[in-house]
Amino acid sequence: MEIITDPFFYLVAIPAVLIAGVSKSGFGGGLGVMAVPLMALALSPQAAAAIMLPILCLMDIANVWAYQKNWDRRNMMILIPAALLGILVGTLSFSYLNEYAVKLIIALIAIGFTLDHWFRGKKRGDEVKPANWGMGSFWGTIAGFTSFVAHAGGPPVSVFLLPQRMDKTVFVGTTVMFFIVVNYVKLIPYWYLGQFGGANFGTALVLVPVALFGTWLGLWAHDKVNEKLFYRVCYTLLFITGLKLLSDAVIHFAKI
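Keep in mind it's a predicted model, so treat the numbers as computed, not measured.

Bringing the overall build of the chain into the picture now. Within the chain one finds 11 helices and zero strands. If you list the helices and strands of the chain from N to C, you get α-α-α-α-α-α-α-α-α-α-α. Here the chain has a C-alpha radius of gyration of 17 Å; the compact-globule value for 256 residues is 18 Å, and the two agree. With the principal axes as the frame, the chain shows a C-alpha extent of 55 × 40 × 30 Å.

Another aspect to go through is the UniProt feature "transmembrane region" (unreviewed entry) in the chain. As recorded in UniProt, the feature "transmembrane region" (unreviewed entry) lies at residues 7-27, 47-66, 78-94, 170-192, 199-217 and 229-246. Spanning residues 170-192, this segment combines 100% helix with 0% strand, and its end C-alpha atoms are found 34 Å apart. Within the segment residues 199-217, helix and strand shares are 89% and 0% respectively, and the terminal C-alpha atoms sit 28 Å apart.

Think of a pair of aromatic rings as described by two things: how far the centres are apart, and how the planes are tilted against each other in angle. Per the stated rule, a full pass over the model turns up eight aromatic pairs. Ring geometry for Tyr 190 versus Phe 196: centroids 6.2 Å apart, planes at 35°, classification tilted. Through a chain of ring-to-ring contacts, the aromatic side chains of Phe 94, Phe 148, Tyr 190 and Phe 196 assemble into a single cluster. Seen from the ring of Trp 71, Arg 73 lies directly overhead, with NZ or CZ sitting 4.1 Å from the centre.

Packing of helix 3 (residues 45-67) against helix 10 (residues 208-224) brings their axes to within 10 Å, and their N-to-C directions diverge by 35°. Handedness of the crossing formed by helix 3 with helix 10: right-handed. On helix 10, the residues touching Ile 55, Leu 58, Met 59, Ala 62, Asn 63, Ala 66 and Tyr 67 of helix 3 are Val 208, Ala 211, Leu 212, Thr 215, Leu 219 and His 222.

Analysis parameters
Residues numbered from 1 in each chain as written. Predicted model: local features only at pLDDT ≥ 70, side-chain atom pairs only at ≥ 80, totals over all residues. Heavy atoms only, no water. Helix = DSSP H or I, 4+ residues; strand = E, 2+ residues; numbered from the N terminus. Rg over C-alpha atoms; globule rule 2.2 N^0.38 Å. UniProt positions renumbered as here; feature names shortened; annotations may be inferred. Phe/Tyr/Trp six-rings, centres within 6.5 Å; stacked < 30°, edge-to-face > 60°. Lys NZ or Arg CZ within 6 Å of the ring centre and 35° of its normal. Axes fitted to C-alpha atoms, helices over the stretch in contact; angles between N-to-C directions. Left-handed = near helix turned anticlockwise from the far one by under 90°. Contact = heavy atoms within 4.5 Å.

Printed below as a string of structure tokens:
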């Protein structure tokens, strides 16, 4: 089985997988969007996404075991059908996708949403918003599409779920259940499009121990953070993620 042997790849891939594991299992997955951009420093974004998908699927299994009784069914009913539509759109437009344009869109959503919460949210008294079918279908479709392109579904899902102010464990559990469906469905088009060829799958297996350690670390951290601080951390991570994606897109377009 082929694997990537470039030391620089592992220098960026190990932190990327570790961050993804901690974020998915402890804080709802928002910062996991940084994994593909970090790996893309050493290889193509398409190869990075293909390597990360089996790793994410493995993390999802461990997280489902941990959060199997703590997730919101109404939100899942709203988000999943829309996400499947988003994956279909991503699959059909695979040959035409501009990854950096997608990153720019996600970045603006993440940054704008966080700034709105930080500044206007205080004036509104930080009111709780219910799960709405219209908004949920919109953000679910965006999440499915961006997840297919660059495993970047976390920010759109967070934009929909965070204003509901649900219990922190239910919030993370809902994202866990959402992404185990989305990621396993993505295996089909990724395989069909030949994304697991060459050294991609073998390299993913090499990174499995890092993924498992990151997942354990996230579960440990989740139990140590109180709910108020948890939401502050989530919004901060979402903002940092947006800045990272924005810088990636701006640097790319500046070179054109």
